[in-house]
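Remarks on the overall topology
If you want the building blocks of each chain, they are given just below.
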Amino acid sequence: MKSIKLFFRIFFGIIFLAPLISWVVWLCTPKRKLVVAIIDKTELNYKGQERTSLNWVLNHERYSKTVTKLYNKKYDYFGFDPLTDTSYRLKGLENFSSEKLEQLSELSDVAFFTDTYGMYENEWNKINYTERSHLLYGGMSDTDIEFLQKMKSKKKLILTEFNDIASPTPAGVRAKFESLFSVYWTGWIARYFENLDTLNNKDIPRWAIKNYLAQHNNSWPFKEAGIIFVNKNDQIEILGTELDLKFPVPIIHTFKYGQEVFGLPAKIKYPYWVDIMTYNDSINHAVSAYQVYPTFRGSGILKDNGIPERFPAVLMHNGPDYKFYYFSGDYSDNPIPHITSFFKGISGVSWLFYNEANLDERKSFFWRYYRPMVTKIFKDYYKEIQPSRKK
């Protein structure tokens, strides 16, 4: 009896002490200065949803914006800045002169464009947020391009992702980005929805429903899961699980390089927004690719609309001339509790935080894909730039 009591005392002691020890180890880990210019034009409140994953990695790995200060997820970014529930300011790079952009590119080690979609009137006022409305601020700008050009010329690390050059970015600005990095938007974005029943799922954009009905004889034959494809010209196509898909969720397949260098899984689902890109394969390298699994009927719908069944998920240029990544998904937006970033070694028990059997969950993507990849990218780059800092 005494031995059983002793066992439980030790067992529960470990359970309660482990988080404290993990936090202390994190707290004692030295800070590492890595100046990251974060651009987020879609900040509805101070939660920083569009850059949650990035801020998690920066904090967990103890990267700091100065020698002493870690990143503050509420304030350390450029873009749309909500001051109160009814007022905001614009603190994007558009406020910078060429001289200030030059200075920023000198001071920054990394540029990370997490989201340039922007803020629309209905979303800001929290009314009919799935309906389209007037754009308050958003889209990549000529000033952003100028900053990216300066970062590229200085061989700094550049990371960009979903919707950075899609709507509402002007076509001329998009063309400059595409020319600068040799990646190209097809004009299509897509997202998996676990429920396409318009009466039960309020997350389906109302404008997408209206456009689909207008374009398809006022018919909406979907009740189960499926993928909605949206074209820049407002064309809507949908593959439903009833007739069009063998498997409902797009799967990311990672090639040998990504598995060996970044430690990524051979395949993982991704049930959120993606943009369908193409690229110059003589300049960029595909780390991973999405695969959609349509039926014969679904494949016909895709072919008729010029939508590929396989398209890049992560593109990379890691040469001596410049370092560039494009994530073809809304990767930095993920419902990960920031508090977990304060515990060293927490990735070892990450399986406790998600249920991968749920096709709609995204947390497994963060723990198994985003976190190891971005951590490795930053780790290698930080190591690379240290000799020049010591000169």
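So, a few notes on the structure that sits alongside this text. The numbering scheme is per chain: residues are counted from 1 as the chain's sequence reads. Given that this is a predicted model, residues contribute local features only at a pLDDT of at least 70 and side-chain atom pairs are listed and counted only at 80 or more, while totals for whole chains, interfaces and linings are drawn from all residues. Note that the side-chain values use all heavy atoms of the structure and ignore hydrogens as well as water.

1. A short note on the overall build of the protein chain
Using the following cut-off: In this text, helices come from DSSP runs of H or I with a minimum length of four residues, and strands from runs of E with a minimum of two, each type numbered from the N-terminal end. Taken over C-alpha atoms, the radius of gyration is set against a globule rule of 2.2 Å times the number of residues to the power 0.38. A 1.4 Å probe rolled over the protein chains alone gives each residue an accessible area, and that area as a share of the maximum for its type sets the label: buried under 20%, exposed over 50%, partly exposed in between. Using the Shrake-Rupley algorithm and a 1.4 Å probe, accessible areas are obtained, with residue cover drawn only from the displayed protein chains.
Within the protein chain, the regular secondary structure consists of 10 helices and 18 strands. Since a compact globule built from 391 residues should have a radius of gyration of about 21 Å, the 22 Å found for the protein chain is in line with a globular shape. C-alpha extents for the protein chain along the principal axes are approximately 70 × 70 × 50 Å. The buried share of the protein chain, reckoned over its 391 residues, is 53%. Of the roughly 18300 Å² that the protein chain leaves accessible, carbon and sulfur atoms contribute 57%.

2. Side note on the sheet that holds strand 11 (residues 226-231)
Our working definition: Here, any two strands with at least 2 DSSP bridges between them count as paired. What counts as an axis is a line fitted to C-alpha atoms, over the stretch in contact for a helix, and the angles between N-to-C directions run from 0 to 180 degrees. In what follows, a contact means two residues having at least one pair of non-hydrogen atoms within 4.5 Å.
Strand order in the open sheet formed by 4 strands is 12-11-10-15, and the pairing between neighbours is antiparallel. With one partner strand each, in any of the chains shown, strand 12 (236-240) and strand 15 (274-279) form the two edges of the open sheet. Here the average twist between neighbouring strands, direction ignored, is 25°. Relative to strand 15, strand 10 (residues 183-193) is paired through 5 bridges, and the arrangement is antiparallel. By the bridge assignment, W185 is partnered in strand 15 with M277. The sheet contacts of helix 7 (residues 206-215) involve strand 11 and strand 12, and relative to strand 12 the element is tilted by about 95°.

3. Considering the packing of aromatic side chains
How two aromatic rings sit relative to each other is given by the distance of their centres and the angle of their planes. Convention followed: For Phe, Tyr and Trp, rings pair up if their centres lie within 6.5 Å, where Trp contributes its six-membered ring, and each pair is then called stacked (planes under 30 degrees apart), edge-to-face (over 60) or tilted (otherwise). Any Lys NZ or Arg CZ found within 6 Å of a ring centre and within 35 degrees of that ring's normal is scored as a charge over the ring.
For the structure on display, the rule yields 35 aromatic pairs. A centroid spacing of 5.1 Å and a plane angle of 40° characterise the contact between Y117 and Y120, whose relative ring orientation is tilted. With a centroid separation of 4.7 Å and 55° between ring planes, the pair formed by Y331 and F365 is classed as tilted. Of this pair, Y331 sits in the loop between strand 18 (323-327) and helix 10 (363-389) while F365 sits in helix 10, and the two are 34 residues apart along the sequence. Residue Y331 is classed as buried on the basis of its relative accessible area of 1%. Residue F365 is classed as buried on the basis of its relative accessible area of 1%. In this structure, R32 is placed above the aromatic ring of Y382, and the distance from its NZ or CZ to the ring centre is 5.5 Å. The positively charged end of R362 is found above the aromatic ring belonging to Y272, 3.8 Å away from the centroid.

4. Quick look at the pairing of strand 17 (residues 310-318)
Where a strand is regular, its side chains alternate between the two sheet faces. In terms of burial, strand 17 is largely enclosed, as 7 of its 9 residues are buried. Here strand 16 (residues 285-294) runs beside strand 17; their pairing, made up of 6 bridges, is antiparallel. Residue pairing across strands places Y290 opposite F311, the latter belonging to strand 17. Note that strand 17 and strand 18 share 5 bridges and pair antiparallel. Counterpart to V314 in the pairing with strand 18 is F327. Where strand 17 folds back onto strand 18 in an antiparallel hairpin, the turn is made up of 4 residues.

5. Digging into unusual backbone geometry
Cis geometry marks the peptide bond from S167 to P168; its omega dihedral reads 10°. Mapped onto the elements of the fold, P168 is located in the loop between strand 9 (157-161) and helix 6 (171-181). Of note, the phi angle at R62 is positive, near 65°, even though the residue is not glycine. When you line up the elements, R62 lands in the loop between helix 2 (52-60) and strand 3 (63-64). Note on R62: relative accessible area 5%, which makes it buried. Phi is positive for K155, which is not a glycine, with a value near 60°. Checked against the element boundaries, K155 lands in the loop between helix 5 (142-153) and strand 9.

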